[in-house]
Amino acid sequence: MKVDCGPDAAAQTHWLAVAVPTPAHSSVAEPLTYRSAQPLPPGTLVRVPLGRREVLGVVWCAQPPPPAALAERTRAIAGALADVPALDAAWRALVAFTARYYQRALGEVALAALPPQLRTLDAVQMARRLKRAPAAGADAPAHQSKTIALTAEQTLALAEIDQNPGPFLLFGATGSGKTEVYMHAAQAALAQGAAAQVLVLVPEINLTPQLQARFAERFGAAAIACLHSGLTPAQRLKAWLAAHTGQARIVLGTRVAVLASIPHLALIVVDEEHDASYKQQEGARYSARDLALYRGHISGAKVILGSATPSLESWHASAPVAEGGAGRYQRLAMTHRVGAAGEHAGLPRVLRVDMGRQPKGTLIAPPLLAAITERVARGEQALLLLNRRGWAPVLHCADCGWKSECPHCSAYRVFHKIDRTLRCHHCGLTERVPRACPACGNLDIGTQGRGTEQLEEHITELLAGVQRPGGEAVRIARIDADSTRGKGRLEGALAAVHAGDVDVLVGTQMIAKGHDFRRVTLVAAINPDAALFSSDFRAPERLFALLMQSAGRAGRDAAVGADSQMWVQTQHPQHPLFVALKAHDYPGFAARQLAERQQAGFPPFTHLALLRAEARSQDAAQAFLTALAAQAAALPAQDAAHAEALAQVRWYPAVPLAVQRVAGIERAQMLLESPHRPALQRVLAACQPLLHALRAAPAHRAIVRWAVDVDPQSL
Ligand code: ADP
Ligand code: ZN
Ligand code: ZN
C-alpha cells in the first residue's frame, strides 16, 4: 500500500496508534503513531516499519493529527492484513490490562499473544489459510450426551452455575466428576448462541490430550482447537485462526490460551486452578487464572475455577463474608467421589511412617516396602514420589569437606550415576565425576541425600525377587526431567504406565498431576519434609496440594481401588499438614494456613510485587534496587497521589535470591507489600521510568537485566 504524502492528499491521511513489538526494556511502551491512507478500524492487523525492520502490529486507535513537524517524520503503514477480522475490543482491553497490571509494554504483550506466523505469511498464503477455516458456526457441535446420570452434587453445582453469574470455585475432590461438570456447563454456554465459544484452561501441556479426547468425544473433534506451547508455528496459526474466526467453539489450552482471540466467549473453565504453572515466569509474568477472571468480567463470560486443593487466594475469595472471607466467588463443593458411598469414601487411606523410628539412612521403610510388594504381586501399580532428580544431590569428601559446588552458581552439582556426571541443575554445567577429591586427592568420596535415580535403583534391588501375578519380574520405570528429555519420551513413558506395562513408577512431581492411571492403588511420598520448613510462605500450600493430588492418583478405578493407600514417610508425623492430609481435610488445612498468613501479612491479605535485578556482582544488583527505592521515595514532593500510594506500600531491603548466583550472574530482589492493590499498582507504575533511567545510568553499568514480578508465585 502506498501513501501519498503530498499536500492534496493530506486531508485523507489517517493517523493510527499501532501496537508494535517494542524491544523489552526499551522505554517505548506506548503504541507508535503511523499514517495510513485508509481509516483502519482498531484491532486491524498491519505491517509497519520499525527501525529498519518491518513488523506486525495491531491498530490500537485513531489518533488526532500530530503537529506538523512530527507529522512529517511519521512513517506510513506498509500494509494491512485485510482478510483477517479485526481483533475485538474485549481482546484489546484484556491485552491493555495485562500490560498495565504486569508492568510490561502494550506492544510486547499484544504481539506475544499472536501466532508468530502472522508475521511472515503474505496475503496470498494468508487467504489460503483462511479459506481452509470454515465460517463461524458452520459446525454446530453435536452434544453426544452419553446419558450418564449426574450425581446429586453435579446436578446441584450445575444448577448454581446456570442460575448465578459467578465466578465459581468448584471445590471438588479428585474423581468427584469435575470434568463432567465442565462439559455440561460448556454445553449450556454453547447453546446460548450459534457462535458462542468456551475456553478451557489446563495447567500442563501433557494433560491436554486427555481432556481433548474427552471433549472431542462429547462435542466432536472439529469443534475444538488446542493452543499450547508445544505446537509448531503452522499448528499454532491454525488453532489461533480457528478460535479467532469462531470456527472453534471450544478452545482448550495451557496458560498461553488465555490471551487468544475468542470473540464470542461465553464460558471460561480453569481446571486445577491452584497450579503454579498458570503463572508465566518470564516476559509479562501474568497469572492465566487471574487473567481468566478479568477476561470473564469484561467479556460477560462465566468463569469456573476448579480444584480439589484450591489456591488459598481462591479459597479466601470464595469464603462467605460472614465467615471472614471475601465473598467474591461462589463456592460449589463436591466432596464425594463418583460411585462412592460417603464423604471421602473411595479416597485412599493415608498412612504416615515415622522415619525417626527407622534406622538412619532408610530410604524405603519396611512397612512401605511390604505394602508395595503386596500390591505389585496382585498386579496393581504403585507410584513413588521423590522431588529430586539425579542419583544424589551432593558429592562430598569426608576428609577435607569438599562438596560438588558449581563454580558458576551458588548451588551444588547433582551426581548422576547413569552417565557418571556432575550436573548443575541451574546452569547446566556437566562434567565427569572426579575419581578422587579435587581438593585433597582422597579416593573415597561419597554422596549425600537421594534422588530419583537412586530410588529407582534401590527399589529395583528390593523387588528383585518379587513376581507379578503371571510370574514375570516386576517392571520399574522412572519419569523425571532427565528421563523424558527428547520429543515424545514423556508421552511414551506415560502411555506405558497407562497400558499397564509398568508396575512401579518412580518420579518427581511430574507424575502427580492429573494423570488418570487406572490401576494405581498405592502412592508414596518418599521424603516430603523439606517443604515443611521452607522459607517460602507458599511451600506448605504447594506440598499439601501435591500430596492431595498424588493421593487422587490412587484408586481411580473403583474395581481395583477399594483399599488404595497414600503413604507419607516423614520425621514429623504429627505435623498439622500431615494430620489434615490424613483426614482429607483441605478446609481445615486452608483455615489454619489463612490464619497464619493473616497474622504474618501475606497474600491474600496483602499484595506483593518483586523487583529483581541481575548483575555481575551482588553489590551492584542490590545497589540498583536500593537506588530505585530511594528515588521512588523522593517522588512524592511533586505528586500528592503518589505520596498517598507510597504511604501504603512497604519496601523491604534488597536481598540475594535463594539461589543467589546462576551462570556467574548475581541475583537480588526487593519485596514490595501493600494491603491495597491500587496503591501497589500506582507505585510500580511510577517506578517504570525510574527503572529505565537507572538502567541507563553509568553508575549501574553492571546491571544485566531487571524485572518486575507482580503477585509472585514464590519468594
Ligand atoms: P475429576 O475431574 O473431578 O477428577 P472426573 O470428571 O474425571 O473427575 O470423573 C471421574 C470419573 O468418574 C471419570 O471416569 C468420569 O467419566 C466418571 N464420572 C463422572 N461423572 C459421572 C457420573 N455422573 N456418573 C458416572 N460416572 C461419572
Ligand atoms: Zn577432600
Ligand atoms: Zn551452575
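What you see is a predicted model; the values in this text were computed from it and never measured. The residue numbers shown here count from 1 along each chain, following its written sequence. The lettering of chains begins at A and the numbering of ligands begins at 1, in the order of writing. It should be noted that, the model being predicted, local features are given only for residues of pLDDT at least 70 and side-chain atom pairs only at 80 or more, the latter also being counted only at that level, while totals for whole chains, interfaces and linings use all residues. In computing side-chain values, all of the structure's heavy atoms are included and hydrogens and water are not.

Draft legend 1. Layout of the site of ligand 1. Residue proximity to a molecule or strand is established when one non-hydrogen atom of the residue lies within 4 Å of it. The local shell around ligand 1 holds 17 residues, among which Ala149, Gln154, Gly175, Lys178 and Arg214 are the closest. Contacts described as polar in this section are N or O atom pairs within 3.5 Å, which, within protein, must combine one atom able to donate a hydrogen with one able to accept it, while residues neighboring in sequence count only if both atoms come from side chains. Between an oxygen atom of ligand 1 and a main-chain N or O atom of Gly175, the distance comes to 2.8 Å. In the complex, the protein chains occlude 75% of the 550 Å² of accessible area that ligand 1 would expose alone. Secondary structure follows DSSP: runs of H or I at least 4 residues long count as helices, runs of E at least 2 residues long count as strands, and numbering of each begins at the N terminus. At 3 residues, the largest contribution of residues to the shell around ligand 1 is made by helix 6 (residues 178–190). Ten residue types, Ala, Val, Leu, Ile, Met, Phe, Trp, Tyr, Cys and Pro, are classed as nonpolar, four, Asp, Glu, Lys and Arg, as charged, and the remainder, Gly among them, as polar. Its residues assigned to classes, the shell around ligand 1 shows 5 nonpolar, 7 polar and 5 charged. Every accessible area reported is derived by Shrake-Rupley at a probe size of 1.4 Å, with residue values counting cover from the shown protein chains alone.

Draft legend 2. Here's a closer look at the coordination of the zinc ion (ligand 3). All of the protein donors around the zinc ion (ligand 3) are Cys406 (SG), Cys409 (SG), Cys424 (SG) and Cys427 (SG); their distances to the metal are 2.3 Å. Atoms are scored as donors when they are N, O or S and lie within 2.8 Å of the metal, with 3.2 Å used for Na, K and Ca; no water is included, so coordination may look incomplete. The rule is simple: four donors are tetrahedral if all their angles sit between 85 and 135 degrees, four are square planar and six octahedral if opposite donors span more than 155 degrees and the others lie between 65 and 115, and anything that fits none of that is irregular. Relative to the metal, the 4 donor atoms surrounding the zinc ion (ligand 3) lie at angles of 107 to 111°, and the coordination shape comes out tetrahedral. Between consecutive donor residues of the zinc ion (ligand 3), the sequence gaps follow C-x2-C-x14-C-x2-C. You can see Cys406 sitting in the loop between strand 15 (394–397) and strand 16 (414–416) and its partner Cys424 sitting in the loop between strand 17 (421–423) and strand 18 (430–432), a full 18 residues away along the chain. Of the two residues examined, Cys406 and Cys424, each falls in the buried class. Only protein chains enter the accessibility calculation, which uses a 1.4 Å probe. A residue is then buried if its area is under 20% of the maximum for its type, exposed if over 50%, and partly exposed in between.

Draft legend 3. Expanded view of the packing of aromatic side chains. In summary, the pairing rule links any two rings of Phe, Tyr or Trp, Trp by its six-membered ring, whose centres are within 6.5 Å, and it sorts them by plane angle into stacked for under 30 degrees, edge-to-face for over 60 and tilted for everything else. Per the stated rule, a full pass over the model turns up 12 aromatic pairs. Plain terms: the ring middles of Trp315 and Tyr586 are 4.9 Å apart, the flat faces sit at 90° to each other, and that makes the pair edge-to-face. Of this pair, Trp315 sits in helix 10 (residues 312–317) while Tyr586 is found in helix 16 (residues 586–600), placing the two residues 271 residues apart along the sequence. Put simply, the rings of Phe171, Trp315, Phe544, Tyr586 and Phe589 touch in pairs and so form one group of aromatic residues. Geometrically, a lysine NZ or arginine CZ counts as sitting over a ring once it is within 6 Å of the ring centre and also within 35 degrees of the ring normal. The ring of Trp315 has Arg331 sitting right over it, with the charged end atom 3.3 Å from the ring centre.

Draft legend 4. Just the coordination of the zinc ion (ligand 2), in detail. Protein coordination at the zinc ion (ligand 2) comes from Cys397 (SG), Cys400 (SG), Cys437 (SG) and Cys440 (SG), with a distance range of 2.3 to 2.4 Å. Coordination at the zinc ion (ligand 2) comes from 4 donor atoms whose angles at the metal span 104 to 113°, giving a geometry best classed as tetrahedral.

Draft legend 5. Seen up close, the environment of Cys406. Assessed through its relative accessible area of 3%, Cys406 is described here as buried. Separated by 255 residues in the primary sequence, Cys406 and Arg661 have C-alpha atoms spaced 9.9 Å apart. It only takes one pair of heavy atoms within 4.5 Å for two residues to be counted as in contact. If we ignore the near neighbours within four places in the chain, the residues touching Cys406 are Ala411, Tyr412, Arg413, Cys424, Cys427, Leu429 and Arg661.

Draft legend 6. Region of interest: the sheet that holds strand 18. Taken together, the 3 strands give an open sheet; going across it, the order is 16-17-18, and neighbouring strands pair in antiparallel fashion. Edge positions in the sheet fall to strand 16 and strand 18, since each of these pairs with one other strand and no more. Each neighbouring strand pair of the sheet contributes to a mean axis angle of 30°, computed without reference to strand direction. Here the rule is simple: two strands pair whenever DSSP picks up at least two bridges between them. Where strand 17 meets strand 18, 3 bridges bridge the pair, whose relative direction is antiparallel. By the bridge assignment, Leu422 is partnered in strand 18 with Glu431. For helices, the fitted line uses only the C-alpha atoms of the stretch in contact; every axis is such a line through C-alpha atoms, and the angle between N-to-C directions lies from 0 to 180 degrees.

Draft legend 7. A look at the domain arrangement of the protein chain. Residue ranges labeled as domains rest on an automatic or database domain assignment. Along its sequence, the protein chain is carved into domain 1 (14–132), domain 2 (152–334), domain 3 (349–389 + 451–583), domain 4 (392–449) and domain 5 (607–710). Between domain 1 and domain 2, the C-alpha centre-to-centre distance is 29 Å. If you look at the interface, domain 1 gives 26 residues, while domain 2 gives 24 residues. By definition, the buried area sums, over both parts, the 1.4 Å-probe accessible area that each loses when the two are put together. Summed over both partners, the interface of domain 1 with domain 2 buries about 2,100 Å², with 73% contributed by carbon and sulfur atoms. In terms of surface lost to domain 2, no three residues of domain 1 exceed Leu94, Tyr102 and Pro115, which account for 27% of the buried area on that side. In what follows, salt bridge is the name for a side-chain nitrogen of Lys or Arg lying within 4 Å of a carboxyl oxygen of Asp or Glu. The interface formed by domain 1 and domain 2 includes 0 salt bridges. Inspection of the region where domain 1 meets domain 2 yields 4 residue pairs in polar contact (both at pLDDT 80 or more). Elements supplying a minimum of two residues to the side of domain 1 that touches domain 2: helix 2 (89–101), helix 3 (106–112) and helix 4 (123–132). The element that contributes the greatest number of residues to the side of domain 1 that touches domain 2 is helix 2, accounting for 6 residues.

Draft legend 8. Helix 18 (residues 640–647), seen in detail. Those residues of helix 18 that sit buried are His642, Ala645 and Leu646. Buried residues in helix 18, looked at end-on, bunch into an arc of 100°, giving them a common side. Turned more than 90 degrees away from the buried face of helix 18 sit Ala640, Glu644 and Ala647, all of them exposed. Looking at the buried positions of helix 18, the neighbouring elements they touch are helix 17 (618–634), strand 25 (650–651) and helix 19 (677–696). Working note: the arc is built from the helix axis to C-beta atom directions.

Draft legend 9. Just the side chain of Thr13, in detail. Tracing the backbone through its elements, the reader meets Thr13 in the segment before strand 1 (14–19). Discounting chain neighbours no more than four positions away, the residues touching Thr13 are Arg35 and Ser36.

Draft legend 10. Spotlight on the packing of helix 5 (residues 152–163) against helix 6. Across the interface, helix 5 lies against helix 6 with an axial gap of 10 Å and an inter-helix angle of 35°. For the crossing formed where helix 5 meets helix 6, the hand is right-handed. Two secondary-structure elements touch here, helix 5 through Gln154, Leu158 and Ile161 and helix 6 through Glu180, Val181, His184 and Ala185. Classifying every residue of the contact of helix 5 with helix 6 by side-chain character gives 4 nonpolar, 2 polar and 1 charged. For any helix crossing, the convention is left-handed if the near helix is rotated counterclockwise from the far helix by under a right angle, and right-handed if that rotation is clockwise.

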